[in-house]
Structures are given as structure tokens and as C-alpha cells.
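Architecture at a glance
In case you want the letters, here they are:
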Amino acid sequence: MELKLYNTYKRVKEVFTPLVNSKVSMYTCGPTVYDFAHIGNFRTFVFEDLLKRWLLHLGYDVVHIMNITDVDDKTIAKARNLEVALNTITDYYYKCFLQDARWLKILPANKYPRATGSIDKMIEIIQSLLNNGFAYREPDGSVYFRIKSFSDYGKLSKINVLNQKKTKRIETDEYDKDTPNDFALWKGWKEDDGDVVWNSPWGKGRPGWHIECSAMSMENLGEHFDIHCGGVDNIFPHHENEIAQSVCFSGEKFVNYWLHSEFLMIDDEKMSKTSLNYLTVKDLKKKNFSAESVRYQLLSGHYRTKLSFSTKKKQQSDKAVHRIYEFHLMLINKGALDIKSDKLPNSYYIFADCMNDDLNTPKAIAEFFTWMKLMTKKINQNKSLTSDEIGAAWNYLVIFNDIFSFINQNKNIIPANVMDLIRKRDIARSKREWGYADEIRSQIKELGWLIDDTPDGQKVKKA
RNA sequence: GGCGUCGUACCCAAGUGGCUUAAGGGACCGGUUUGCAAAACCGUUAUUCGCCGGUUCGAAUCCGGCCGACGCCUCCA
């Protein structure tokens, strides 16, 4: 089965064919580094990571660019409030973002270009748009894109701009634009911008939001590339505007596949900074979430459906991830690491079909669990599995984990103090000093490790 | 007002015309195992898919209406 992806532009699943055979160019809208990213933001980043991992698994060479928005109203406002330079803020939150992403096991992008690093390219694009009548200047030094000049405007979001309800913002903005929906390519300098300013052919100022993604994507991936992702809230206006600018600039098609992930909800409402109902990675760590458990929650729903994240579901995701962990230990006990095999169980092919069907992760995970249950049954019943079967199972598990990263390998590293206690408990148990053994068990628990007494002796694992 | 998504068991969540008298996970209950415990494993749990009509030999799946939830319409992943 070929990979099919749901293209927002056409609103149907399409067979994925890259522009260049076996190579995929992928641009994903990254964070605005004015604060910590929340788990809702990370839902999208984890989805994009999953897409990339699947493409890699299918054998594609993926070039992944994720931009960092380091100049906009919010970053400027924060720097101003704290009375520090803009890059003091953006450097700090950029670093935090990378740390959080690493904790969530998101594979790094090939490059994280920053908006402030591409001002020249933005100016080049804006100048060209002005020269060709797609944009116009205003007396305050701003440059606007003229949406009437682009007949496909609104095609991605299916929005007819002339039909829209007028929000307060548009009403107050209207005086200085041809059409209220024209958007800023360049914002003329205002006092609030302070020293955040660049020179341009049309005066001092700073770039508008949308232009940065056109500049950075074209600079790094060319004027026409394969995949562009983001959250659904980026469909309009951000991606709509990107298309307008980019196509009018290059005269070429901009992006072949637009993919958008749905929102992460919390208490039935969109998680967002303005609603103050968000959780950061820091919050999750405080609540004792493992990265694997968080990933499970984020990937156990399809990326195009709204998903509720909740600490109440922690037990569910902890348990599910734990079972996979136990299963992987079981295979190791069966000597999986010493077997060399290039076979795969049949379940893998069903799993792959699910993934190829627009990344149907819930179905793919369900298939994996069904197979896992069958395998554990066989192993527990001591049916003699051939080494080929074990090898094939292991290969499948490795692939599954390459895609989902639900297994925490660090769990296998036991600290020395815990090891000491385990040895003491072994002795106590052999002397049948049950009271003392129980006491040691609770000491170990306090250190964050759990003991399983099995026929083969004690087994330790991270709580 | 325009555009769009969704409503499946106690909870999460697939399925979008017959392979399903509805996957998978969690929880619960029962069992195996165990010094105890935990874990693990085994088993049970929706004749039914928001409601009402219609199309069809056949619908959770298509159509219409209604109810409910949510999102976008220039801060937003």
C-alpha cells in the first residue's frame, strides 16, 4: 500500500509522491520563542515528528526545516517588559524549546532557521511583490499584500474573505488598507518596537509574521517543495498568506502537501496561552509523567481529531507503555538480541498499512497490541518459538519503537544504591526474613524503583 | 453571519455501505501465579454506534431534519 496523506488544500487523502524521487522536503512551523511551549504546541511537533519518522522508515531522505519565530509582537513585548534585549528572550526560550523537544524524544530538524536571520530574503520577496503590483506601501512605512491580486486567495482555508464577519480588529485597522483583509508584509517602525528595527528600501521597520515562513522555506527548500505542516489554526491566515506571497513571488506552485494537526483540548476547550489552561513540559515532569507516557497520549488519537490531554489519563498511558516495555524485556529474555533475522511478522504489514493510511496511529497501535498479546500468549504457554519467529518479532518491535519511542531504555540502568538494597533483600529473602525484606522493598520504592518477585528472583524497574 | 470538525461501552479510541450481531487500550470483576505484595498472564464486560425519519437486499457508515460539543474568520501548534 502506498502512503496516503490528507492534503488540506484538496481536503482529500492523496497518494504521496515527492518531487524528487526518494527525497522529501518538509517545512514545519516552529514556535514563537517568547515563552515556554505547551503540550498543545507539542502535539503538533510530535505529529510532525511522527510523519518524519514514518517517511524515514519508508526509506525517504527527509530534509526537515523548522523555523523559529524570534521577532513579533509578543517577543518584543516581553523583552520590553523585562527591559532586556530581544535576543535575550528569544535565545533563552529557543534553548528551552530544544530541551523540551529532546525530552519528548522529538528528532531534531536538519535546521532551525530564525526569522531574524532571513530579513534580507524577506526584503527581496517584498520588493519583488511591490514591483509586480502584488503589494503596496502605506504612509506609515508599512507594506501590505493586496489579496485581490491573487485569485487563489482563500483556496486553502476555503474562506471567502469578502464574506467575513468584521471583527473589531479589522474595523480599527481598516483606515490604512485597500481591503481590510490585506495583511502586513512589512510593519513600519513604531515607538513600541524600540531598537527592534531593520532598514529596508521603504524605511525602518520589521517584517510581518507570514513573510518569514515564505522566506525561510524557499531559502532552505527551494520555491516549490513537498510538505508543509502546522496546527489547524495556521490554515488561516498564516498558511493562506504564505501561499499568496510565495506564489506571487516565484510564479511557481509553492507546496504540494499541506498537513495540519488538530488541537489538543483540555477540559473540552482548546489549550492555549490566553485561556491559561495549558500545561508545559515542566508541569508534566512535576506530575511525574514519563516522555513515553506523554507520547502515548499524544499519538493514541489520530492527528486530525481533537484530542483531550489529561492527567487523569496518565494511568492509561503509563500502563500501555509499560506493557510494551515488559514485552520487550520478554523478547530479550528469549534471546532476541542474539538472533539475526531479516524477517518480519505478518502483523507488521497490517501495521504499515495503517500508518500508510494517513498515519492512522490508533489503528496501527491496536494492531501492534493484538499481535503483542498473541506473542506473549505463545511465549507464556512455552510453545517452542523458532529463532526466526523471535527474530522477526524483535525486528517488528524495533521498527515500532523507531516510530513511536514508547520504550524507555533508561529504565534498565539501575543506580548503585538501589543495587545494594536489592542484594541485601536477596539475602533476607533467602533467610525467609520477610519483615526485613518488605522493609527494604519500601526503601527501594522511596528511591523510585519497584520490585517484582519472580521465580527467577527479584526484578527491578523504575516507578 | 460565513466556513469546518465531531457525538461509538464506565473512560480513552478505531471502524465511514456486507469481512464487524463494532478493533485496541485503560478501569472493573473473576481466575492463574505468589511468603506477602506488585507485576505479568488468562477470561468476562456495547444485539449497539446523540435523536428522528429516509435511501438500500443490507447502514455506526449514505441523505435530510433536530439536539449537543468544539474550532477558524488576522494573537494562536
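The structure presented is a predicted model; accordingly, all values stated were derived computationally and were not measured.

What follows is about the pairing of strand β3 (residues 23-28). Two faces, one strand: in a regular strand the side chains alternate between the faces of the sheet. With respect to burial, β3 is a largely interior element, 5 of its 6 residues being buried. Two elements, β3 and strand β4 (residues 61-66), share 6 bridges in a ladder whose sense is parallel. From the neighbouring strand, Thr28 faces β4, where its bridge partner is Met66. Of the crossover connections in this fold, the one passing from β3 over helix α1 (residues 39-57) to the parallel β4 is right-handed. Pairing between β3 and strand β9 (residues 225-231): 3 bridges, direction parallel. Within β9, the position partnered with Met26 by the bridge is Ile227.

In this section: the sheet that holds strand β7 (residues 183-188). An order of β5-β6-β7-β8 is seen for the 4 strands of this open sheet, with the pairing classed as antiparallel. Strand pairing shows two members of the sheet lacking a second neighbour, β5 (135-137) and β8 (205-207), which therefore form its edges. When the angles between neighbouring strand axes are averaged without regard to direction, this sheet yields 20°. Direction of pairing for β5 relative to strand β6 (residues 143-145): antiparallel, over a ladder of 3 bridges. Looking at the pairing, Ala135 lines up with Phe145 of β6. Relative to the sheet, helix α4 (residues 119-131) contacts β5, β6, β7 and β8, its axis offset from that of β7 by approximately 115°.

Residues Lys319, Arg323, Lys373 and Lys377 make up a contiguous surface patch of positive charge. Mapped onto the positive patch, the elements with two or more residues apiece are α10 (314-333) and α12 (361-380). Tracing the chain through its elements places Lys319 in helix α10. Accessibility expressed as a relative area gives 55% for Lys319, which makes it exposed.

According to the stated counting rule, one finds 24 salt bridges in the structure shown. Across the salt bridge formed by Lys13 and Asp357, the nearest N and O atoms sit 2.9 Å from each other. Of this pair, Lys13 sits in strand β2 (residues 12-15) while Asp357 sits in the loop between α11 (346-356) and α12, and the two are 344 residues apart along the sequence. The residue Asp453 makes a salt bridge to Arg441 at a minimum N-O spacing of 3.7 Å. Within this pair, whereas Asp453 is found in strand β14 (residues 449-454), its partner Arg441 is found in helix α15 (residues 434-446), the two being separated by 12 residues in sequence. The class for Asp453 is partly exposed, based on a relative accessible area of 35%. Its relative accessible area of 33% is what places Arg441 among the partly exposed residues.

Cut-offs used in this document
Residues numbered from 1 in each chain as written. Chains lettered and ligands numbered in written order. Predicted model: local features only at pLDDT ≥ 70, side-chain atom pairs only at ≥ 80, totals over all residues. Heavy atoms only, no water. Buried < 20%, exposed > 50% of the residue type's maximum accessible area, 1.4 Å probe, protein only. Helix = DSSP H or I, 4+ residues; strand = E, 2+ residues; numbered from the N terminus. Pairing = 2+ DSSP bridges. Right-handed = clockwise from strand over helix to strand, strands pointing away. Axes fitted to C-alpha atoms, helices over the stretch in contact; angles between N-to-C directions. Contact = heavy atoms within 4.5 Å. Patch = residues over 30% accessible without salt bridge, like charges linked within 9 Å, V, L, I, M, F, W, Y side chains within 5 Å. Areas by Shrake-Rupley, 256 points an atom, 1.4 Å probe, with all protein chains shown as cover. Salt bridge = Lys/Arg side-chain N within 4 Å of Asp/Glu carboxyl O. Lys, Arg positive; Asp, Glu negative; His and termini not counted. Charge placed at Lys NZ, Arg CZ, Asp CG, Glu CD.

Any functional reading would require information that these geometric values do not contain.
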